[in-house]
Amino acid sequence: VLDDLYSYDGGLGVTWAGGVPTVSVWAPTAKNVTFHLFADSDPAATSTTTPMVLDPATGVWSLTGEAGWEWQYYLFEVEVWVNSTDQVEHNVVTDPYSLSLATNSTRSQIVDLSDPALQPEGWMTYNKPPLQAPEDITLYELHMRDFSAYDVTTPQAARGTYTAFTD
């Protein structure tokens with residue numbers, strides 16, 4: 001029903017125009033969404049807060065920021081009715097459309113994927129082979145621990161961790 005009432009096909013998460021970020025989240029049932037901006041990912045850091053603006057036709061809450069927000073962190077405080085508690089709750093959450101997160105996914109990070117600092121060498125000049133049909137795509141799912149837990153070529157301390165992928 002929500003999809004029928006609140007149609008939206010625009011960008012969500014952090015989008016960029018002229019070097020300025022706009023943060024958007026689809027939350028049509030929210031009564032309020034407050035944006036919390038943090039200078040860094042330090043759990044002790046305090047935030048500055050700004051109310052987000054609802055587009056009642058789409059259910060999207062958004063806020064246009066400043067160019068200086070790049071690399072900073074953020075959370076959403078969502079005021080919403082929760083059926084299981086029969087009351088309005090304030091949930092502080094990361095952005096479900098995040099492209100980058102702090103350690104342990106505690107905060108979303110404002111990044112611009114077109115920034116050369118985030119692109120590996122050769123990224124812009126790499127020519128992918130053409131895809132003849134979508135069914136030609138091969139996807140692999142991998143459990144991080146299973147990838148290296150018993151791999152003797154991976155240093156013992158890195159086995160079963162994200163660090164194993166760097167070896």
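Whatever comes next refers back to the structure up there.
The structure displayed is predicted, hence computed values, not measured ones.

**Notes on the packing of aromatic side chains**
Pairs of aromatic rings are described using the distance from one ring centre to the other and the angle between the two planes.
So, step 1. Considering all chains together, one arrives at five aromatic pairs under this definition.
So, step 2. Seen in terms of ring centroids, Phe35 and Tyr74 are 5.4 Å apart; in terms of plane orientation they differ by 25°. Their pairing is stacked. Of this pair, Phe35 sits in strand β3 (residues 30-38) while Tyr74 sits in strand β7 (residues 73-82), placing them 39 residues apart in sequence. Across this residue pair, the class does not change: Phe35 and Tyr74 are buried.
So, step 3. With a centroid separation of 5.6 Å and 65° between ring planes, the pair formed by Tyr74 and Phe76 is classed as edge-to-face.
So, step 4. The rings of Phe35, Trp69, Tyr74 and Phe76 are connected pair by pair, giving a single aromatic cluster.
So, step 5. A cation over a ring is seen here: Arg107 above Phe38, with NZ or CZ 3.6 Å from the ring centre.

Reading the values: rules and limits
Here, residues in each chain are numbered from 1, in the same order as that chain's written sequence. Totals for whole chains, interfaces and linings use all residues, but because this is a predicted model, local features are given only for residues with pLDDT of at least 70 and pairs of side-chain atoms are given and counted only at 80 or more. In computing side-chain properties, one takes all heavy atoms of the structure into account and sets aside hydrogens as well as water. Pairing of aromatic rings covers Phe, Tyr and the six-membered ring of Trp, with a centre-to-centre limit of 6.5 Å; geometry is then stacked below 30 degrees between planes, edge-to-face above 60, and tilted otherwise. Here a strand is any run of E in DSSP of at least two residues, a helix any run of H or I of at least four, and the numbering for each starts at the N terminus. Each residue is placed in one exposure class: buried if its accessible area under a 1.4 Å probe, protein chains only, is under 20% of its type's maximum, exposed if it is over 50%, and partly exposed if it falls in between. Look at NZ for Lys and CZ for Arg. If either is within 6 Å of the ring centre and within 35 degrees of the ring normal, a charge sits over the ring.

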